[in-house]
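Breakdown of the fold
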Amino acid sequence: MSKAEKIRARLAEALTPAVLDVVDDSESHRGHAGYQDGGESHFHVVIRAQSFEGQSRIARHRAVHAALGKDLMASIHALSMDLDVPD
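Here we come to the environment of L15. With respect to the helices and strands, the residue L15 is situated in helix α1 (residues 3-15). Note: C-alpha distance between L15 and R48 (33 residues apart in sequence) is 9.2 Å.

Here it is, written out as structure tokens:
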């Protein structure tokens, strides 16, 4: 299972989002710190989840990090996030 698939599975299970988009953005970071041949080092996630209702931006980020777990977070160089509640 790829890192992107693991990210998607863990976020879907923990947050039951209405929208979940996981993008491996590694190629656009070629030559930068943390880039790995084959990708899977830089990711961008878009999540719309009702569970984010009333949470601060920091609380939402913490929820994502907790859902991914220390093992997966340690294997990712960069993770950008667009987190909100569904429209």
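Turning our eyes to something else, we now look at the sheet that holds strand β1 (residues 19-24). Sheet architecture is open: three strands sit in the order β1-β2-β3, paired in mixed fashion. The open sheet has two free edges, formed respectively by β1 and β3 (78-84), since each of these has just one partner strand. Taken over all neighbouring pairs, the strand axes of this sheet differ in orientation by 10° on average, direction set aside. As paired elements, β1 and strand β2 (residues 42-48) share six bridges and run antiparallel to each other.

What follows concerns the packing of α1 against helix α2 (residues 57-74). Contact geometry for α1 and α2: axes closest at 9 Å, N-to-C directions at 135°. Relative to α2, the element α1 is oriented oblique. In this structure, α1 meets α2 at a crossing whose hand is right-handed. Counting all contacts with α1, which are made through K3, K6, I7, R10, L11, A14 and L15, the residues of α2 involved are A63, V64, A67, L68, G69, D71 and L72.

With respect to the helices and strands, R60 occurs in helix α2. With relative accessibility at 13%, the residue R60 sits in the buried group. A polar contact is formed between the side chain of R60 and the backbone oxygen of F52, at a distance of 3.2 Å. Setting aside residues up to four positions removed in sequence, R60 forms contacts with F52, Q55, L83, D84 and V85.

Rules used in this analysis
- Residues numbered from 1 in each chain as written.
- Predicted model: local features only at pLDDT ≥ 70, side-chain atom pairs only at ≥ 80, totals over all residues.
- Heavy atoms only, no water.
- Helix = DSSP H or I, 4+ residues; strand = E, 2+ residues; numbered from the N terminus.
- Pairing = 2+ DSSP bridges.
- Axes fitted to C-alpha atoms, helices over the stretch in contact; angles between N-to-C directions.
- Parallel < 35°, antiparallel > 145°, perpendicular 65-115°, else oblique.
- Left-handed = near helix turned anticlockwise from the far one by under 90°.
- Contact = heavy atoms within 4.5 Å.
- Buried < 20%, exposed > 50% of the residue type's maximum accessible area, 1.4 Å probe, protein only.
- Polar contact = N/O pair within 3.5 Å; in protein donor to acceptor, adjacent residues only side chain to side chain.

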